Amino acid sequence: MNEKVVMNDKIVMSLWTVCLFIVVMNTTMFNVSLPTIIQDLQISADLGYR
C-alpha cells in the first residue's frame, strides 16, 4: 500500500513537450482559419451580442 511513485524526468518532459506542441499548433491553426470560417458562414461581429 505504501508504494512510492517514481516519475522519470525524461518521460514527464517529453509528455509536456508533446502537449505544448499540440496546444500551440491547435491555437495557430484556429487563428489562421477563423477569418475564412467567419467569411464562409457570413457571421458579423454583432451576432455575438444577440
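Note: the structure precedes this text.
Because the structure is predicted, anything quoted here is derived from the model rather than measured.

Participant: For this particular structure, what's the right way to read the overall build of the protein chain?
Facilitator: Along its length, the protein chain carries one helix and zero strands. In terms of overall size, the protein chain is more extended than a compact globule, its C-alpha atoms giving a radius of gyration of 20 Å where 50 residues would be expected to give roughly 10 Å. Considering the protein chain as a whole, with its 50 residues, one finds that 0% of them fall into the buried category.

Participant: Any chance you could explain a nonpolar patch on the surface here in plain terms?
Facilitator: There is a patch of nonpolar side chains on the surface, built from V18, F21, I22, M25 and M29 and spanning about 490 Å² of accessible area. Inspection of the secondary structure puts F21 in helix 1 (residues 9–41). A residue is classified by how much of its surface remains accessible, and F21, at 54% relative accessible area, is exposed.

Participant: Can you walk me through helix 1 in this structure?
Facilitator: Compared with the 48 Å implied by 1.5 Å per residue over 33 residues, the 46 Å span of helix 1 between its first and last C-alpha is a close match. Looking at the residues trailing helix 1, positive phi occurs at Q42, about 55°.

Participant: Which parts of the structure should I look at to understand the environment of L47?
Facilitator: Within the fold, L47 resides in the segment after helix 1. Along the chain, L47 and K4 lie 43 residues apart, while their C-alpha atoms are 54 Å from each other.

Calculation criteria
Residues numbered from 1 in each chain as written. Predicted model: local features only at pLDDT ≥ 70, side-chain atom pairs only at ≥ 80, totals over all residues. Heavy atoms only, no water. Helix = DSSP H or I, 4+ residues; strand = E, 2+ residues; numbered from the N terminus. Rg over C-alpha atoms; globule rule 2.2 N^0.38 Å. Buried < 20%, exposed > 50% of the residue type's maximum accessible area, 1.4 Å probe, protein only. Patch = residues over 30% accessible without salt bridge, like charges linked within 9 Å, V, L, I, M, F, W, Y side chains within 5 Å. Areas by Shrake-Rupley, 256 points an atom, 1.4 Å probe, with all protein chains shown as cover. Salt bridge = Lys/Arg side-chain N within 4 Å of Asp/Glu carboxyl O. Expected span 1.5 Å × (residues − 1).

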